[in-house]
Amino acid sequence: KSRDLVLLGFGGFCLVWMEIGFAAFANTFLKKQLGFGIKEAGLILVCYSVGGILASPASGWISDLIGHRKQLVIGSFVLSICCTVYFGYQTTAQMLLVVGFIYGFVSYFANPHLSLMIAEIAGKDRSATATGISNVMFQIGSILSPLALGISIDVTHTFHSIWYILALGPLVGIIVMAAVRPPTA
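None of the values given here were measured: they were computed from a predicted structure.

Chemist: Help me understand the overall build of the protein chain in this model?
Modeler: The helix and strand inventory of the protein chain stands at seven helices and zero strands. The order of helices and strands in the protein chain, counted from the N terminus, is α-α-α-α-α-α-α. What you see for the protein chain is a C-alpha radius of gyration of 17 Å, in line with the 16 Å of a compact globule of 185 residues. Expressed as lengths along the three principal axes of its C-alpha atoms, the size of the protein chain is roughly 50 × 35 × 25 Å. A separation of at least 24 residues holds for 81% of the contacts in the protein chain among residues at least 6 apart in sequence. Of the roughly 9100 Å² that the protein chain leaves accessible, carbon and sulfur atoms contribute 71%. A gap of 3 Å separates the mean positions of the 10 positive and 7 negative side-chain charges of the protein chain.

Here's what the structure looks like:
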């Protein structure tokens, strides 16, 4: 049980690495690298956020319908890698709006499943503590990702590498999630 809780916590770290890293640098990328105004950059980020908001109930519904939470998380991570890198190569507002929405949807799709799997594995008596500790692990990603991205930008003087650094989160997350033994019903 403990092994799987640690793996799920690290999987959440990998997810938050990408999500918060994107949130921390996307606006600056859109304004400084691509030259968009504040309004255009904001609208692109709104599309990303709307995708993320819609992902949670949709992913919950799909999970309730078909099960396979672990596979849904891994699938979300695979799609997130693709969308992360693809987003970084877009230069037009129209494509960034569309790709941003899809990116938000696939990147936030895994959130409810990770939390639920943690609670299921921990059991009723320990679910709150396990979720709290796991959230600490998740949030370490929100500290380290912007730091790593900032260092990359300072060293390379470009935003190009940040998309690959962000994609490392879900890539490592796939490896971590492959080792998780999901709870049996």
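The structure having been displayed, the exposition proceeds.
Chemist: Any chance you could explain the pattern of salt bridges here in plain terms?
Modeler: Per the counting criterion, the structure on display carries three salt bridges. Here D4 makes a salt bridge to R181, at a shortest N to O gap of 3.3 Å. Separated by 177 residues along the polypeptide, D4 in helix α1 (residues 2-33) and R181 in the segment after α7 (162-178) bring together distant segments of the chain. R181 sits in the partly exposed class, given a relative accessible area of 47%.

Chemist: Which parts of the structure should I look at to understand helix α5 (residues 111-122)?
Modeler: In an α-helix, one turn spans 3.6 residues; hence positions three or four apart end up facing the same way. Taking 1.5 Å per residue, twelve residues should reach 16 Å; α5 reaches 17 Å between its end C-alpha atoms and fits that length. Taken together, the buried positions of α5 are H113, L114, M117, I118, I121 and A122. Viewed along the axis of α5, the buried residues span an arc of 155°, placing them on a single side of the element. Buried residues belonging to α5 abut α1, α2 (38-66), α3 (69-88), α6 (127-156) and α7.

Chemist: Explanation requested: the environment of G141 in the structure shown.
Modeler: Within the secondary structure, G141 sits in helix α6. The spatial distance from the C-alpha of G141 to the C-alpha of P182 is 23 Å, given a sequence separation of 41 residues. For G141, the contacting residues outside a window of four places in its chain are F13, V16, W17 and P146.

Chemist: Would you take a moment to explain the packing of aromatic side chains for this structure?
Modeler: Any aromatic ring pair is given by two values, namely how distant the centres are and how the planes are angled relative to each other. Summed over all chains, the structure comprises 13 aromatic pairs. Ring geometry for F22 and W163: centres 6.2 Å apart, planes at 55°, overall tilted. Here W163 lies in helix α7 and F22 lies in helix α1, a separation of 141 residues in the sequence. The exposure class of F22 is buried, given its relative accessible area of 1%. Both rings, one in F105 and one in F109, keep their centres 5.8 Å apart while their planes meet at 45°; by these two values the pair is tilted. Take F105: its relative accessible area is 24%, and that puts it in the partly exposed class. Taken together, F22, F29, Y48, F87, Y103, Y108, F159 and W163 form an aromatic cluster joined through their ring pairs.

Cut-offs and rules
Residues numbered from 1 in each chain as written. Predicted model: local features only at pLDDT ≥ 70, side-chain atom pairs only at ≥ 80, totals over all residues. Heavy atoms only, no water. Helix = DSSP H or I, 4+ residues; strand = E, 2+ residues; numbered from the N terminus. Rg over C-alpha atoms; globule rule 2.2 N^0.38 Å. Contact = heavy atoms within 4.5 Å. Areas by Shrake-Rupley, 256 points an atom, 1.4 Å probe, with all protein chains shown as cover. Lys, Arg positive; Asp, Glu negative; His and termini not counted. Charge placed at Lys NZ, Arg CZ, Asp CG, Glu CD. Salt bridge = Lys/Arg side-chain N within 4 Å of Asp/Glu carboxyl O. Buried < 20%, exposed > 50% of the residue type's maximum accessible area, 1.4 Å probe, protein only. Expected span 1.5 Å × (residues − 1). Arc of directions from axis to C-beta. Phe/Tyr/Trp six-rings, centres within 6.5 Å; stacked < 30°, edge-to-face > 60°.

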